[in-house]
Amino acid sequence: SQTIHQWPATLVQPVGSPLSLECTVEGTSNPNLYWYRQAAGRGLQLLFYSVGIGQISSEVPQNLSASRPQDRQFILSSKKLLLSDSGFYLCASDPNYGYTFGSGTRLTVV
Amino acid sequence: AQTVTQSQPEMSVQEAETVTLSCTYDTSENNYYLFWYKQPPSRQMILVIRQEAYKQQNATENRFSVNFQKAAKSFSLKISDSQLGDTAMYFCASYQGAQKLVFGQGTRLTINP
């Protein structure tokens, strides 16, 4: 079975600072990978997804970007964080119609 | 756009009772997948149950079962003999191709002792 490693678990960053969240997948190859954001007490909003190395689809215009430098690595980045970027970020992998999620990163922008 | 609707923001039941969470979805596809996810206070997303639309038989996983009504586009989750550990947010989700899941807004379920 696949495992998703996501770090860091918690992050507090000042406004205007850069961001890099990393997600790696074990136990599968060539998965679809996803970044979701969840506001407190709300549902999940899809930010980016990737069906292969270097292939990124963006779902919403925003201050964030994503990259997939390796088959099982997915990175979420920002050059300058905004207060509105605060939230809970989840990475997910879908090798065959069944998402597996990482444990998430709680990002607070201050 | 694909939509998934959970009309119950919060529910509360006593331990050992049975509870049903509602979900409706919108699709123009014939084949798709439906899911229920559990998110406990740790915020880890845990897959509870999965239903393939072409299968008429309702999916069951131990105390968790679904009532899949394809014509009505309804996909409810029934939790039998509820336990304190079932306390969590529950999300209904639809996978209709385009390589992505669409989630409902969630139902916060509390199991009281």
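Structure: above.
Parameters and conventions
- Residues numbered from 1 in each chain as written.
- Chains lettered and ligands numbered in written order.
- Predicted model: local features only at pLDDT ≥ 70, side-chain atom pairs only at ≥ 80, totals over all residues.
- Heavy atoms only, no water.
- Helix = DSSP H or I, 4+ residues; strand = E, 2+ residues; numbered from the N terminus.
- Rg over C-alpha atoms; globule rule 2.2 N^0.38 Å.
- Buried < 20%, exposed > 50% of the residue type's maximum accessible area, 1.4 Å probe, protein only.
- Phe/Tyr/Trp six-rings, centres within 6.5 Å; stacked < 30°, edge-to-face > 60°.
- Lys NZ or Arg CZ within 6 Å of the ring centre and 35° of its normal.
- Pairing = 2+ DSSP bridges.
- Axes fitted to C-alpha atoms, helices over the stretch in contact; angles between N-to-C directions.
- Disulfide = S-S within 2.5 Å.

Here we take up the overall build of chain B. Across its full length, chain B holds 0 helices and 12 strands. Mapped in sequence order, the helices and strands of chain B form the string β-β-β-β-β-β-β-β-β-β-β-β. By the compact-globule yardstick of 13 Å for 113 residues, chain B fits well, its C-alpha radius of gyration being 14 Å. Along the first, second and third principal axes, the C-alpha atoms of chain B reach 40 × 25 × 20 Å. Here chain B holds 113 residues, and the buried ones make up 50% of them.

Time to look at the packing of aromatic side chains. In total, this model carries 17 aromatic pairs over all chains according to the counting rule given. Centre to centre, the rings of tyrosine 33 of chain B and tyrosine 95 of chain B are 6.3 Å apart; their planes meet at 85°, and the pair counts as edge-to-face. Placement of tyrosine 33 of chain B in strand E5 (residues 33-39) and of tyrosine 95 of chain B in strand E10 (residues 88-95) is noted, with a sequence separation of 62 residues between them. For tyrosine 95 of chain B, a relative accessible area of 5% gives the class buried. A cation over a ring is seen here: arginine 43 of chain B above phenylalanine 88 of chain A, with NZ or CZ 4.2 Å from the ring centre.

To continue, consider the sheet that holds strand E7 (residues 65-70) of chain A. Residue and element names in this part refer to chain A. In space, the 4 strands of this open sheet follow the order E1-E3-E8-E7, with antiparallel pairing throughout. Unpaired on one side and paired on the other, strand E1 (3-7) and E7 mark the two borders of the sheet. Direction aside, neighbouring strands of the sheet carry axes that sit 20° apart on average. In this sheet, strand E3 (residues 19-26) lies alongside E1 in antiparallel orientation, the contact comprising 5 bridges. The residue bridging tryptophan 7 from the neighbouring strand is glutamate 22, located in E3.

Looking now at the state of the cysteines. Each disulfide consists of one covalent bond between the sulfur atoms belonging to two cysteines. Within this structure, the stated rule accounts for 2 disulfides over all chains. Here cysteine 23 of chain A is linked by a disulfide to cysteine 91 of chain A, with a sulfur-sulfur distance of 1.9 Å. Between cysteine 23 of chain A and cysteine 91 of chain A, the disulfide has an S-S torsion of -65° and is therefore left-handed. Pair noted here: cysteine 23 of chain A is in strand E3 and cysteine 91 of chain A is in strand E9 (residues 87-94), with a separation of 68 residues, a long-range link. Each member of the pair, cysteine 23 of chain A together with cysteine 91 of chain A, is buried. With its sulfur 2.0 Å from that of its partner, cysteine 23 of chain B forms a disulfide with cysteine 92 of chain B. Measuring handedness by torsion sign, the sulfur bridge of cysteine 23 of chain B and cysteine 92 of chain B sits at about -70° and is left-handed. Placement of the pair is cysteine 23 of chain B in the loop between strand E3 (19-21) and strand E4 (24-26) and cysteine 92 of chain B in strand E10, with a sequence separation of 69 residues. Judged by relative accessible area, which is 2%, cysteine 23 of chain B ranks as buried. Look at cysteine 92 of chain B and you get buried, because its relative accessible area is 1%.

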